[in-house]
Amino acid sequence: MALMTQEQYYQSLADLRPTAYILGEKVATPYEHPLIKHMVAGVAQTYALTQEPEGREYLVAKSSQTGEEVSRFIKFYESREDLLAKVRMLKFLAQRIGTCFMRCTGMDAINAVGIETYNCDQKYGTDYHQRFLNFIRHIQKHDLAIFSGVTDVKGDRSLRPSQQKDPDAYVHIVAKNDDGIIVRGAKIHQTGSLCAHWGLIVPTREMQEQDRDYAVCFAIPVDAEGVVHVYGRGTLEARELEGCDLGNIAYGKFATMVLFKDVFVPWEQVFLCGEYEFAGPMVRNFGNFHRHSHGGCKCGMGDVIIGAAALAAEYNGLPKVSHINNKLAEMLKTTEAIYGCSIAASVEAQPTPSGIYTVDPVLSNTSKLYEGKELHEVVRMMIEIAGGLVADFPSEKDMANPEIGPLLQKYLKGAEDVSTEDRLRLYRLIERLAFESRDIVSNIHGAGSPETHRLTILRHADIDSKKQLAKRLAGIKT
Ligand SMILES: Cc1cc2nc3c(=O)[nH]c(=O)nc-3n(C[C@H](O)[C@H](O)[C@H](O)COP(=O)(O)OP(=O)(O)OC[C@H]3O[C@@H](n4cnc5c(N)ncnc54)[C@H](O)[C@@H]3O)c2cc1C
């Protein structure tokens, strides 16, 4: 099978048996749960669109590993064009889905890991890269989805992994034998882990010699024994449980904590095991790739936000007001700058010895830094344009109540040619775009916290050479 259909994707989830807890309950078929199914629907779109002409243009490419067509979500970045295509694909999908569709974390992780398994083999004569290529061929052959397990729970942030009072604060190796390793710990904020078939687990930070047992990278099926997914609650989920007021009618986002309760990992799925000096580069590659991804998807999300704001003005009878148009232009300025930096980071990409291209880190981190601060201003302007109704309009259930519904219909009408129902649907979407915690907080902390982006920019920007520029122009000779 080269490319799964949407139906085959749903069937593949039905065949899995992950251990999952959602709001205190153990759930047998999490992919059907009301709090999960909307993100599954978004991931399903990434399969469905590979079967359509427009979607194929964005999502499908030829694999150098199998020689067959594969989804770009499980392909290596082997050229600048691949990186450009990725950013454009993510923008295209975000415009259609209006929230997260999970698969970019796995895509970025496979590329980050592929670079360092190659480098590690060069230094130590290990065979991680070949193992990893075998794993990727399996994933491509069956068109599987991967979540990336990077972020550890981390305990006391001032201490290294090996210094923590609780040694399990970072995922680590607790035993090794002839067949494989046993790992323990927990990864947190695991976007859509219950929409995936496999997890690719990557160290969350640089490691030193004393952290050797924490320098571990491996792949694990989502339903492996000892892997437990715990749903992380969000702000607007009560509505999904009540079956009303969804905002985005088809799609949603969730993230889980994934616990590793002494999980056995066979050697063929282990891609780093104690070679601590490769942990830092691996996670830095991931961060740079993932910030680059955000530039595509958050621009697409921004387009939805801008469209919703423009519609709100229209539905309120203010279609051609100059101060609103000025705000729309400001919003576009931000979203296009976020996108532009990711496009530029692709153009300036460089090949690594593995053959995988790495993005320009200054530009990809600039995109993410801009997103973390300025995308909130875009959301704020959407709320400013839409008005206070975003905060507290009556529920769909009140609208349907025969005693008060007709009165609410009358009083909540805006422009004459727009139905009250359409106006409220739009405001539900705006509320979702403005306040859904997973989307909003991911603008700041997704792909690492803003300070990490600043540090990465500084590390690569060569401030000393810029000082020389200033000195030369000022005639300073020392
Ligand atoms: C919606 C969402 C989705 C996500 N999806 C994924 C995913 O799919 N996979 C994944 O692996 N991760 C995911 N993440 C995790 C994300 O990468 C982390 O949230 C991010 O790296 C920050 O880590 P943290 O949340 O533990 O915050 P912390 O690391 O606790 O940071 C909090 C603050 O403390 C500062 N800080 C931390 N340590 C230090 C220190 N030693 N010295 C000085 N300052 C410090 C930081 O700069 C920051 O300002 C997601 C996060 C969100 C919000």
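Structural data are supplied above this passage.
Residues numbered from 1 in each chain as written. Predicted model: local features only at pLDDT ≥ 70, side-chain atom pairs only at ≥ 80, totals over all residues. Heavy atoms only, no water.

Draft legend 1. Spatial organisation of helix α4 (residues 80-97). Relative to the 26 Å expected for 18 residues at 1.5 Å per residue, α4 spans 26 Å between its end C-alpha atoms, a close match to the ideal helical length. Counting buried residues in α4 gives 13 out of 18 residues, a clear majority hidden from the surface. Capping the start of α4 is the job of one residue whose side-chain oxygen sits 3.3 Å from the backbone nitrogen of Glu-81: Ser-79. Positive backbone phi, approximately 70 degrees, marks Gly-98, located one or two places after α4. (Helix = DSSP H or I, 4+ residues; strand = E, 2+ residues; numbered from the N terminus. Expected span 1.5 Å × (residues − 1). Buried < 20%, exposed > 50% of the residue type's maximum accessible area, 1.4 Å probe, protein only. Polar contact = N/O pair within 3.5 Å; in protein donor to acceptor, adjacent residues only side chain to side chain.)

Draft legend 2. Main features of the nonpolar core. One finds Leu-200, Phe-260, Met-331 and Met-382 to be the most contacted residues of the largest nonpolar core, which totals 129 residues. In terms of residues, this core owes the most to one element, helix α8 (residues 279-315), which gives 14 residues. Here Met-331 is in contact with Ile-305, Ile-306, Ala-309, Val-378, Met-381, Met-382 and Ile-385, once residues within four sequence places are set aside. Core analysis: the next-biggest nonpolar cluster, separate from the first, contains six residues, Met-207, Tyr-214, Ala-215 and Ala-279 among them. (Core = buried A, V, L, I, M, F, W, Y, C linked by side-chain atoms within 4.5 Å. Contact = heavy atoms within 4.5 Å.)

Draft legend 3. Just unusual backbone geometry, in detail. Although it is not a glycine, Met-102 adopts a positive phi angle of roughly 70 degrees. Within the fold, Met-102 resides in the loop between α4 and α5 (103-124). Unlike most non-glycine residues, His-189 shows phi in positive territory, near 60 degrees. If you trace the backbone, His-189 turns up in strand β7 (residues 180-191).

Draft legend 4. Region of the structure containing the sheet that holds β7. Across the sheet, which stays open at both edges, the six strands sit in the order β2-β1-β10-β11-β7-β6 with mixed pairing between neighbours. The open sheet has two free edges, formed respectively by β2 (25-27) and β6 (172-176), since each of these has just one partner strand. The average undirected angle you get between the axes of adjacent strands in this sheet is 20 degrees. Pairing of β6 with β7, which is carried by four bridges, proceeds in the antiparallel orientation. Looking at β7, one finds that Ala-175 is bridged to Ile-182. (Pairing = 2+ DSSP bridges. Axes fitted to C-alpha atoms, helices over the stretch in contact; angles between N-to-C directions.)

Draft legend 5. Broad picture of the site of the ligand. For the ligand, the set of nearby residues contains 19 residues, the closest of which are Val-150, Thr-151, Arg-157, His-189 and Thr-191. A distance of 2.8 Å separates an oxygen atom of the ligand from a polar atom in the side chain of Arg-157. His-189 places a polar main-chain atom, nitrogen or oxygen, 2.8 Å from a nitrogen atom of the ligand. If the ligand stood free it would expose 970 Å²; the protein chains cover 65% of that surface. Per-element accounting of the shell around the ligand gives the leading share, four residues, to helix α15 (residues 437-445). (Near = heavy atom within 4 Å. Areas by Shrake-Rupley, 256 points an atom, 1.4 Å probe, with all protein chains shown as cover.)

Nothing here speaks to function; it is geometry throughout.
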